[in-house]
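Structural characterization, general
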Amino acid sequence: MLQKIDFTFKRLIPMLVGAITIAAFSSIPVQSKTSTTPLNSVSAQSKILATIPRPGNLYQPDSSAFEGITWQLSEWKSKGQSIRLLPSHPITIRFDGKRLGGSTGCNDYSAEYQFQNFQLHLPRAIISTKRGCISAVANRENWFASALKASYAVAFLKPDKLIIEYKAASGKGFLGFTPMRSQLKNTDWHLSSITIGSTTQTTPQPITLKFTADSIGGSAGCNEYSAAYEASRNRIKIGGIATTEKMCSLSQMQLEQSFLAKLETVQRYEIINHAQNLKLFFQQGNQAGVLTFRLPDN
């Protein structure tokens, strides 16, 4: 049986900077079964009675400055004391224009969000997996949940550092995030599906994708292909695709051509589900979609 997790978010009134409201976890599940469950959020308002001292050079960015990037928690302070992080269980958050999400070190979460006038609003419930965690990870998930639930301001200390300040019942603190480094080098993937809008097509023939330091290659279902790529943060650009010239069935060739055309228009990527899946987001003309890959079967 799965435990129910309650989420809350607060709209907080700013003193010196624009406010941000975030919904977050209030408890962490302990079962080993994995599922996704909609989580209720309850709105509330409160005034910040005392401002949090801020480092110099903070500024509040437009949302485009931090969207499309997976941010990993690299510094955490509560009541002036550093909280030790667990590198083997990284805590992440990302903003992708319409949804935010990430990992709490064990469980994945996501929610629709709106960002306007430096305020973040979650109009619907947050979705979370429910995986069992070792006690040290579960403790940090709970602390992270409490911090997110109480957070009220977002700013950049530097272009490559995202700061979320918060004031919780346990005291004042801040979460410092840095962009995750590219995780693509020396990875190998098999295509699972192609999604355009609300339509997802599974792939009946094996299509593979392998990354080296600066090139990609694999099978497009009939022919072998290769190309150069550049990746920075969550952005990726693929160009100069070359293929062999073998002839296959009409259906194989059509799927191959469709895949390669979309691959050339990929703009960003995500590695999710504890590095079990890769998503490549493409924009082909007026069609936006996702190429979803999985790790090869053992």
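One can find the structure itself at the top, above this paragraph.
Residues numbered from 1 in each chain as written. Predicted model: local features only at pLDDT ≥ 70, side-chain atom pairs only at ≥ 80, totals over all residues. Heavy atoms only, no water.

**A closer look at the overall build of the protein chain**
We apply this condition: Secondary structure follows DSSP: runs of H or I at least 4 residues long count as helices, runs of E at least 2 residues long count as strands, and numbering of each begins at the N terminus. We call a residue buried when its accessible area falls under 20% of the maximum for its residue type, exposed when it is over 50%, and partly exposed in between, using a 1.4 Å probe and counting protein chains only. The contact criterion used throughout is that any non-hydrogen atoms of two residues lie within 4.5 Å. Using a 1.4 Å probe, the Shrake-Rupley method yields the accessible areas, and only the shown protein chains count as cover for residues.
The helix and strand tally for the protein chain stands at two helices and 25 strands. Counting across all 298 residues of the protein chain, residues that qualify as buried make up 45%. Within the protein chain, contacts between residues at least 6 apart in sequence are counted, and of these 58% link residues at least 24 apart. As displayed, the protein chain has an accessible area near 14,900 Å², and 51% of this comes from carbon and sulfur atoms.

**Concerning the packing of aromatic side chains**
For any pair of aromatic rings, the description rests on two quantities: the centre-to-centre distance and the angle between the ring planes. Condition: Aromatic pairing here means that ring centres of Phe, Tyr or Trp (its six-membered ring) are within 6.5 Å. Orientation follows from the plane angle: under 30 degrees is stacked, over 60 is edge-to-face, and everything else is tilted. Look at NZ for Lys and CZ for Arg. If either is within 6 Å of the ring centre and within 35 degrees of the ring normal, a charge sits over the ring.
Per the counting criterion, the structure on display carries four aromatic pairs. Plain terms: the ring middles of Y225 and F259 are 5.9 Å apart, the flat faces sit at 70° to each other, and that makes the pair edge-to-face. Taken together, the residues span a long stretch of sequence, with Y225 in strand β21 (residues 224-232) and F259 in helix α2 (residues 250-263) at a distance of 34 residues. The pair formed by Y225 and F259 is uniform in burial state, with each residue classed as buried. Aromatic side chains F259 and F293 sit 6.5 Å apart centroid to centroid with 65° between the ring planes, which places their arrangement in the edge-to-face category. With F259 in helix α2 and F293 in strand β25 (residues 287-294), this pair connects stretches of sequence that are 34 residues apart. Each member of the pair, F259 together with F293, is buried. Among the aromatic residues, those joined into a cluster by ring pairs are Y225, F259 and F293. Seen from the ring of F281, R268 lies directly overhead, with NZ or CZ sitting 3.9 Å from the centre.

**Observations regarding the side chain of Q205**
Spelled out, the test is: N or O atoms within 3.5 Å of each other form a polar contact, as long as, within protein, one can give a hydrogen and the other can take it, and as long as residues adjacent in sequence are counted only when both atoms are side-chain atoms.
Mapped onto the elements of the fold, Q205 is located in the loop between β18 (199-202) and β19 (208-211). A distance of 3.3 Å separates a polar atom in the side chain of Q205 from the backbone oxygen of Q252.

**Describing the nonpolar core**
For clarity, the cut-off: Residues belong to one nonpolar core when they are buried, are Ala, Val, Leu, Ile, Met, Phe, Trp, Tyr or Cys, and are joined through side-chain atoms within 4.5 Å.
Residues F259, L278 and L291 are the most contacted members of the largest nonpolar core, which totals 26 residues. Elements with a contribution of two residues or more to this core: β17 (188-196), β19, β21, β22 (235-243), α2, β23 (266-272), β24 (277-284) and β25. Residue contributions to this core peak at four residues, all from α2. Residue contacts for F259: discarding those within four places in its chain leaves L191, I207, A220, Y225, L291 and F293. In this structure, F66, Y113, L162 and F177 belong to the second largest nonpolar core, which totals 23 residues.

**Observations regarding the layout of surface pockets**
In this approach a probe as big as a water molecule rolls over the atoms, and the regions it shows empty are the leftover space. Let me state the cut-off plainly: Points on a 1 Å grid over protein atoms alone make up a cavity when a 1.4 Å probe fits among them but cannot get out, and a pocket when they form an open set with protein on both sides within 12 Å along at least five of seven lines; lining residues each have an atom within 4 Å of a point. Grid points are joined across faces, edges and corners, and a volume is the space filled by probe spheres set on the points. In this classification, Asp, Glu, Lys and Arg are treated as charged, Ala, Val, Leu, Ile, Met, Phe, Trp, Tyr, Cys and Pro as nonpolar, and every other residue, Gly included, as polar.
Considered as a void within the structure, the largest pocket measures approximately 1,100 Å³ in volume. At the level of secondary structure, the elements contributing two or more residues to the lining of the largest pocket comprise β8 (92-95), β9 (99-103), β10 (108-112), β13 (126-129), β23, β24 and β25. Class assignment of the residues belonging to the lining of the largest pocket gives a composition of twelve nonpolar, 21 polar and nine charged.

**As for the pattern of salt bridges**
Quick note on the threshold: Note on definitions: salt bridges are taken to be side-chain nitrogens of Lys or Arg within 4 Å of carboxyl oxygens of Asp or Glu.
In total, this model carries four salt bridges according to the counting rule given. Here R94 makes a salt bridge to E270, at a shortest N to O gap of 3.3 Å. Here R94, found in strand β8, pairs with E270, found in strand β23; they are 176 residues apart in sequence, far enough to count as distant. Like R94, the residue E270 is buried in the burial classification. The residue R131 makes a salt bridge to D108 at a minimum N-O spacing of 3.3 Å. Within this pair, whereas R131 is found in the loop between β13 and α1 (135-150), its partner D108 is found in strand β10, the two being separated by 23 residues in sequence. Residue R131 is classed as buried on the basis of its relative accessible area of 17%. Connected via shared salt-bridge partners are R94, R268 and E270.

**Points about the side chain of T195**
The topology assignment puts T195 in strand β17. One polar contact links T195 to T200, side chain to side chain, over a distance of 2.9 Å.

**Some remarks on the pairing of β9**
The following threshold applies: By definition, two strands form a pair when at least two bridges between them are found by DSSP.
When you tally the buried positions in β9, you get four out of five residues, the bulk of the element. In this sheet, β9 lies alongside β8 in antiparallel orientation, the contact comprising two bridges. Each bridged residue has a counterpart across the sheet, and for F95 the counterpart in β9 is L100. Joining the antiparallel neighbours β8 and β9 is a turn of three residues, in which G97 adopts a positive phi near 90°. Relative to β10, β9 runs antiparallel, the two being bridged by five bridges. Residue pairing across strands places G101 opposite S110, the latter belonging to β10.

**Describing unusual backbone geometry**
Across the chain, the bulk of peptide bonds are trans and the bulk of non-glycine residues have phi less than zero. With a phi angle near 55°, K79 is a residue other than glycine that sits in the positive phi range. The backbone phi angle of N186 is positive, close to 60°, even though this residue is not glycine. Position of N186 relative to the elements: it lies in the loop between β16 (171-179) and β17.

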